[in-house]
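# Structural overview
Chain by chain, the residues:
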Amino acid sequence: MSTLRVGLRCDAGPRRGVGHLVRCLALAEEFLARGADVTVFGTVERLDWATSELAARGIPLLPGPDSAAELVEVARRHDLDVLVLDSYELDPAGAGALRAAGVYTLAIIDGDSRGQVADLYLDQNFGAELPGPGSGAALPGRLLAGSGYALLRDTVISARPPVVPPATAVSRPRVLAFFGGTDAVGAAPVLTRVLVATGHPMDLTVIVGRPEIEAEVDDVAPGRGQTIRAVPPTTSLPALITEADLLVSAAGTSTWELCCLGAPSALVCVVDNQRESYTRVVRHGLAAGLGELPELTAGGVAGRAARATAARTLHGLLSSPQRRATLAARAWSTVDGQGRARVVDAVFDAVRAAAVPG
């Protein structure tokens, strides 16, 4: 088979976040490792580190088409064999139009296919293979579902420990808090205050995606035995994760990175489309749950109660290495880092099969 030409359509920015781009980047790395030609189509706004990641891998970033007709035109102009669609905003008719034009189409979804008619669907969320809404029963194409297909970048896979990290008793746990590449919803200051409210000694590092978020975090006064350090987004995130005793994060794409690395984690649901996955992950003990961001930011008695509950959960984790180790073991055994290879295997198998006459 000649060199496979693959396009990935996604966007990233302060409002959209970077989750779509990060998982497309993981797929791109796998396709490149298999000898494919890869191009990303989309908009990456105010994220120099993200565009640098693409450039470092020699992946062109070209403007992203939105309508069905534009998607087909771009696919034809670049002679694409495969186009990956990872967006909540694209015209859902695009997938069907691409198929009709002979372009193999993979739609990355999070429960809701949005009516897209693709050749292959990927829902990497834990428990996505379970029956229920968005399970894929009515999808016209094949569905790859569950955390066995989690898309992880080279830096995460290479940092995965060979065995489950052991329980370690420390008087001042190292805590890492991060909420996506841009923290579009401003979760970092809220969770920084909740962590401080635990009263437990800690060395807290908070990754801040925007200057205004950094300013808010800097305004939080640490308690006795606590330090707070704000740092910008970094390509060294997997190393920071493996060095930390506890992770506090949003229940988005990074959940699977934390699981793969065996990181003891406490998650907050920051947007509606994370709710189903967040609930499943917490229910199965892969991470502790801190609730939903609107609850933690609410005023009055309800808000104070939600923040106090979250602080108690965090205090329990900070003071118990065994609780942290239990979460780490369950998480590590759930995501093995081979998900992207399984997805690309499925794409290559389908494209080869389609190329066989008759």
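Residues numbered from 1 in each chain as written. Predicted model: local features only at pLDDT ≥ 70, side-chain atom pairs only at ≥ 80, totals over all residues. Heavy atoms only, no water.

A word on the layout of surface pockets. Put simply, the largest pocket is a space of about 980 Å³. Along its surface, the largest pocket is lined by 47 residues, and Gly17, Val18, Gly19, Gly180 and Thr253 are the ones closest to its centre. Elements with a contribution of two residues or more to the lining of the largest pocket: α1 (19-33), α2 (48-56), α8 (237-243) and α9 (254-260). Residue composition of the lining of the largest pocket, grouped by class: 18 nonpolar, 18 polar and 11 charged. (1 Å grid on protein atoms, 1.4 Å probe; cavity = no way out; pocket = protein on both sides within 12 Å on 5 of 7 lines; lining within 4 Å. Points joined across faces, edges and corners; volume = space filled by probe spheres on them. Helix = DSSP H or I, 4+ residues; strand = E, 2+ residues; numbered from the N terminus. Nonpolar A, V, L, I, M, F, W, Y, C, P; charged D, E, K, R; others polar.)

With that settled, the discussion passes to unusual backbone geometry. The phi dihedral of Asp79 falls on the positive side, at around 55°, and the residue is not glycine. With respect to the helices and strands, Asp79 occurs in the loop between α3 (68-77) and β4 (82-85). Its identity is not glycine, yet Arg114 carries a phi of approximately 55°, on the positive side. By secondary structure assignment, the location of Arg114 is in the loop between β5 (104-108) and β6 (120-123).

Quick look at a negative patch on the surface now. A contiguous patch of negative charge on the surface is contributed by Glu214, Glu216, Asp218 and Asp219. When you line up the elements, Glu214 lands in helix α7 (residues 211-218). (Patch = residues over 30% accessible without salt bridge, like charges linked within 9 Å, V, L, I, M, F, W, Y side chains within 5 Å. Areas by Shrake-Rupley, 256 points an atom, 1.4 Å probe, with all protein chains shown as cover. Salt bridge = Lys/Arg side-chain N within 4 Å of Asp/Glu carboxyl O. Lys, Arg positive; Asp, Glu negative; His and termini not counted. Charge placed at Lys NZ, Arg CZ, Asp CG, Glu CD.)

Here we come to the side chain of Arg324. Assignment of secondary structure puts Arg324 in helix α13 (residues 321-334). In terms of polar contacts, Arg324 uses its side chain to reach the backbone carbonyl oxygen of Leu318, at 3.0 Å. Those residues in contact with Arg324 that lie beyond four places of it in its chain are Thr168, Val170, Asp245, Leu246, Pro264, Leu317, Leu318 and Ser319. (Polar contact = N/O pair within 3.5 Å; in protein donor to acceptor, adjacent residues only side chain to side chain. Contact = heavy atoms within 4.5 Å.)

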